[in-house]
Amino acid sequence: MPAGGFSVSAPAGVEFEAKITPIVIISCIMAATGGLMFGYDVGISGGVTSMDDFLIEFFPTVYRKKHEDKESNYCKYDNQGLQLFTSSLYLAGLTATFFASYTTRNLGRRLTMLIAGVFFIIGVIFNGAAQNLAMLIVGRILLGCGVGFANQAVPLFLSEIAPTRIRGGLNILFQLNVTIGILFANLINYGTSKIHPWGWRLSLSLAGIPALLLTLGALFVTDTPNSLIERGHLEEGKRVLKKIRGTENVDPEFNEIVEASRIAHEVKHPFRNLLLRRNRPQLVIAVLLQIFQQFTGINAIMFYAPVLFNTLGFKSDASLYSAVITGAVNVLSTLVSVYSVDKVGRRLLLLEAGVQMFFSQAIIAVILGIKVTDHSDNLSHGWAIIVVVLVCTFVSSFAWSWGPLGWLIPSETFPLETRSAGQSVTVCVNLLFTFVIAQAFLSMLCHMKYGIFAFFSGWVLIMSVFVLFLLPETKNVPIEEMTERVWKQHWFWKRFVDDDEHTLNGDAEKNGKISNGKHGV
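Residues numbered from 1 in each chain as written. Predicted model: local features only at pLDDT ≥ 70, side-chain atom pairs only at ≥ 80, totals over all residues. Heavy atoms only, no water.

As recorded in an unreviewed UniProt entry, the protein chain goes by the name Sugar transport protein 13, listed as coming from Rhynchospora pubera. Recorded under Subcellular location (unreviewed entry), the UniProt text for the protein chain is reproduced unchanged: "Membrane". What UniProt states about the protein chain under its Sequence similarities (unreviewed entry) heading is, verbatim, "Belongs to the major facilitator superfamily. Sugar transporter (TC 2.A.1.1) family." (UniProt positions renumbered as here; feature names shortened; annotations may be inferred.)

Caption draft 1: Seen up close, the environment of Leu-212. Relative to the helices and strands, Leu-212 is located in helix H10 (residues 208-220). Residue class for Leu-212 comes out partly exposed when judged on its relative accessible area of 48%. Put simply, Leu-212 and Thr-33 are 179 residues apart on the chain and 9.5 Å apart in space, counted from C-alpha to C-alpha. (Helix = DSSP H or I, 4+ residues; strand = E, 2+ residues; numbered from the N terminus. Buried < 20%, exposed > 50% of the residue type's maximum accessible area, 1.4 Å probe, protein only.)

Caption draft 2: Local environment of the packing of aromatic side chains. Summed over the entire model, instances satisfying the criterion amount to 19 aromatic pairs. When the centroid spacing of 5.2 Å and the interplanar angle of 50° are considered together, the rings of Phe-54 and Phe-58 count as tilted. In this pair, Phe-54 and Phe-58 both sit in helix H3 (residues 52-58), four residues apart, roughly one turn of the helix. Note on Phe-58: relative accessible area 10%, which makes it buried. Joined through ring pairs, the aromatic side chains of Phe-54, Phe-58, Phe-59, Phe-85 and Trp-200 make up one cluster. The ring of Phe-85 carries Arg-140 above its face, with NZ or CZ at 4.9 Å from the centroid. For the cation-ring pair, Lys-194 lies above Tyr-190, with the distance from its terminal atom to the ring centre recorded as 3.9 Å. (Phe/Tyr/Trp six-rings, centres within 6.5 Å; stacked < 30°, edge-to-face > 60°. Lys NZ or Arg CZ within 6 Å of the ring centre and 35° of its normal.)

See the structure below:
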């Protein structure tokens, strides 16, 4: 692969030389397999929970409800235990995130990815060999620990190793692999649903493939220069920087990372530092992006796509097939984001997607409200196709906007001194609300029926207004220059950064006067 060269401009006239080197591309591809594992875990549960063999083994009451005509179409899968099978992964990931923040900062991004891979492998063994519900849940919890560590380390790794000009595209490799993982899971579920009675075991066990890829990838990639320098390995950090940038002239970028690291080491309590006024813009945006990402309703559709289509009257094979179609649309649309995010910017993608997601969900709500009742399925073949097309329209817009950008923007906006803590909060909030949606969706579907889609479309409208007025553009801004070039220039957020600096300067002047007074100057 030839290395293409370019320079990244810093605000003070400094130029950071950076070539698109093979080692950067390979490292990013290897690291992004963490997304492949996450996506597979997201996609596999919905298909497995729609398989009769799996339900007979672990959830016989759901199996009986599924085949009883007297049960409401919307309530066939309303079971807290079944939802716990899916959601326990995210609750475990939420807890693991706090430990992952420590390992990411003190042991490095690479070792944290290795820990994630080990958790994934052990979790896969438990799930594939599960003999009872407890063993099944323990396996999901171990997978969740892997998700917590991987989602903490991988976005940081990608943001730090990538040259500024293609940082967005390379970072989105993580989300692209998430979508590929979901597609693979849907394809495998479609095949294994025909293998009786152990097809579900094969579905769960094949998660071992991405788990092994992540573990091997973590063994062979190098850690980021930012992480090495932050941990005091200056010479090794400089050597790695030269290697990944493909040039000997790395002093300007190296010096900037060293300075950022020096400031980071002055912060003894990064989580407490996150709450300082000057860090509030990044924190508020990171938290809200995660909440909004989940309240688009995407995970409700991706977790339970086969179950959802089954509820709408699709037969078992047709529901799995429709889930495969939405998974394929998800992958192809994420490629749009990889290509366009560093060209058109983050804001434009989010705003366009907001319009597309709002109308697709609103129309689905209207169709289901008219055509699908509690006890009769009036969704004809033509209307069923329209619903699948609308779901694909929704999924495609999410895949080039809120999906990848919900991870990209937080990973590139926090300063180095709070980056690990900030990423930890980002992952934590994401997994918390993923857990809430996963645990509640089937019950919400039972009680709100078609109104669930109107509920999510309302949230899409709210988040689009937030993007329009309060989300700044971060396209092509060097990662260590966000404060000067983004937050201090934004009409709303600059008051937080400027006010905090004035306070710090005032305290410094006051301390200087006291010191001078003591010395009689």
